[in-house]
Amino acid sequence: MIDSTLGQRDSNPDLILTLQFSNTGSTDRQQLVALANALRATAQELLPGVSTRARMDTAPAPAAAPSRPAAIDAPLVIDLPARQVFTRGEPVSLSHTEFEILSHLARRPRVVVSRRRLLELSGNLGERERAGRSVDVHVSRVRMKLGRYGWLVSTVRGTGYRFDPDPRVRIITEPVAA
């Protein structure tokens, strides 16, 4: 299975390839890496300037339950490559837009992100009447779903939002090797 996500709103789009192989049998890891590199090279040819990242899993996770990070060593874990959030080891169900907002803020700790930029992430930039409150509603939902860690997303009055890091929070930015 190849799952690709292409972000087209940035000047340099991102292409994330997730490769899951079941029944790999005699296929060795070097062949899988070569396949991933070939896919990345093809993406570069088709979309010049695209930023590519590849993640490979040799055994697919069960579809019913999200896989947990190998070691959940923090009360709040934000696994950016896996697009998963855990509080006290339990998965937090975030919508696509909610995760995009949390991810964008978590990748830039202590940096104020404008409401306009978050509107771009939510895809509501063209809907002027509802767009202003849309970001507020999504951020409110993220805070609610994070429970006791909702305070990590702070409002900067008149400007936007900021992620305030805490030593108890673990943010995973690179895929964990299997």
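Structure report, in brief. (Residues numbered from 1 in each chain as written. Predicted model: local features only at pLDDT ≥ 70, side-chain atom pairs only at ≥ 80, totals over all residues. Heavy atoms only, no water.)

## Section: the overall build of the protein chain
Line of reasoning, step 1. What the protein chain contains, in helices and strands, is 4 helices and 10 strands.
Line of reasoning, step 2. Helices and strands in the protein chain line up, N terminus first, as β-β-α-β-β-β-β-α-β-α-α-β-β-β.
Line of reasoning, step 3. Among the 178 residues that make up the protein chain, the fraction classed as buried is 37%.
Line of reasoning, step 4. A separation of at least 24 residues holds for 50% of the contacts in the protein chain among residues at least 6 apart in sequence.
Line of reasoning, step 5. If you sum the accessible surface of the protein chain, you get close to 10,800 Å²; carbon and sulfur atoms cover 49% of it. (Helix = DSSP H or I, 4+ residues; strand = E, 2+ residues; numbered from the N terminus. Buried < 20%, exposed > 50% of the residue type's maximum accessible area, 1.4 Å probe, protein only. Contact = heavy atoms within 4.5 Å. Areas by Shrake-Rupley, 256 points an atom, 1.4 Å probe, with all protein chains shown as cover.)

## Some words on the sheet that holds strand E8 (residues 153-156)
Line of reasoning, step 1. Spatial strand order, E7-E9-E8: 3 strands in an open sheet with antiparallel pairing. Single-partner strands in this sheet number two, and they are strand E7 (113-114) and E8.
Line of reasoning, step 2. Here 4 bridges tie E8 to strand E9 (residues 160-163), and the two strands are oriented antiparallel to one another. Following the sheet pairing, Ser154 is matched in E9 by Arg162.
Line of reasoning, step 3. Along the sheet, helix H2 (residues 96-106) contacts E7, E8 and E9; its crossing angle with E9, the most-contacted strand, is approximately 65°. (Pairing = 2+ DSSP bridges. Axes fitted to C-alpha atoms, helices over the stretch in contact; angles between N-to-C directions.)

## Some remarks on H2
Line of reasoning, step 1. Of all 11 residues in H2, 9 are buried, a share of seventy percent or more.
Line of reasoning, step 2. Taken together, the buried positions of H2 are occupied by Thr97, Glu98, Phe99, Ile101, Leu102, Ser103, His104, Leu105 and Ala106.

## Points about the pairing of E9
Line of reasoning, step 1. In this sheet, E9 lies alongside E7 in antiparallel orientation, the contact comprising 2 bridges. Across the sheet, the residue bridging to Ser114 is Gly160, located in E9.
Line of reasoning, step 2. Between E8 and E9, which pair antiparallel and follow one another directly, the connecting turn spans 3 residues, one of which, Gly158, has a positive phi of 75°.

## Examining the pattern of salt bridges
Opposite charge on two side chains allows them to pair when their charged atoms are near.
Line of reasoning, step 1. Tallied over the entire structure, the rule returns 6 salt bridges.
Line of reasoning, step 2. With a shortest N-O distance of 2.6 Å, Asp164 and Arg162 are connected by a salt bridge.
Line of reasoning, step 3. A relative accessible area of 18% means that Asp164 is categorised as buried.
Line of reasoning, step 4. On the basis of relative accessibility, which here comes to 26%, the residue Arg162 falls in the partly exposed class. (Salt bridge = Lys/Arg side-chain N within 4 Å of Asp/Glu carboxyl O.)

## What to know about the nonpolar core
Line of reasoning, step 1. In terms of nonpolar packing, the biggest core is built from 25 residues, with Leu76, Ile78, Val85, Leu102 and Phe163 touching the most fellow members.
Line of reasoning, step 2. At the level of secondary structure, the elements contributing two or more residues to this core comprise strand E4 (76-79), H2, helix H3 (115-122), helix H4 (128-146) and E9.
Line of reasoning, step 3. Tallying contributions element by element places H2 first for this core, with 5 residues. (Core = buried A, V, L, I, M, F, W, Y, C linked by side-chain atoms within 4.5 Å.)

## A short note on the sheet that holds E4
Line of reasoning, step 1. Spatial strand order, E6-E5-E4-E10: 4 strands in an open sheet with mixed pairing. With one partner strand each, in any of the chains shown, strand E6 (90-92) and strand E10 (169-172) form the two edges of the open sheet. Strand-to-strand twist across the sheet, computed as the mean angle between neighbouring axes with direction ignored, equals 20°.
Line of reasoning, step 2. Note: strand E5 (residues 84-87) against E6, 3 bridges, orientation antiparallel. Pairing of Thr87 across the sheet is with Glu90, part of E6.

## Here's the deal with the environment of Arg88
Line of reasoning, step 1. You can see Arg88 is positioned in the loop between E5 and E6.
Line of reasoning, step 2. Discounting chain neighbours no more than four positions away, the residues touching Arg88 are Pro75 and Arg148.

## A look at unusual backbone geometry
Line of reasoning, step 1. One non-glycine residue, Arg83, adopts positive backbone phi at about 55°.
Line of reasoning, step 2. The residue Arg83 is located in the loop between E4 and E5 in this model.
Line of reasoning, step 3. For Arg83, a relative accessible area of 38% translates into the label partly exposed.

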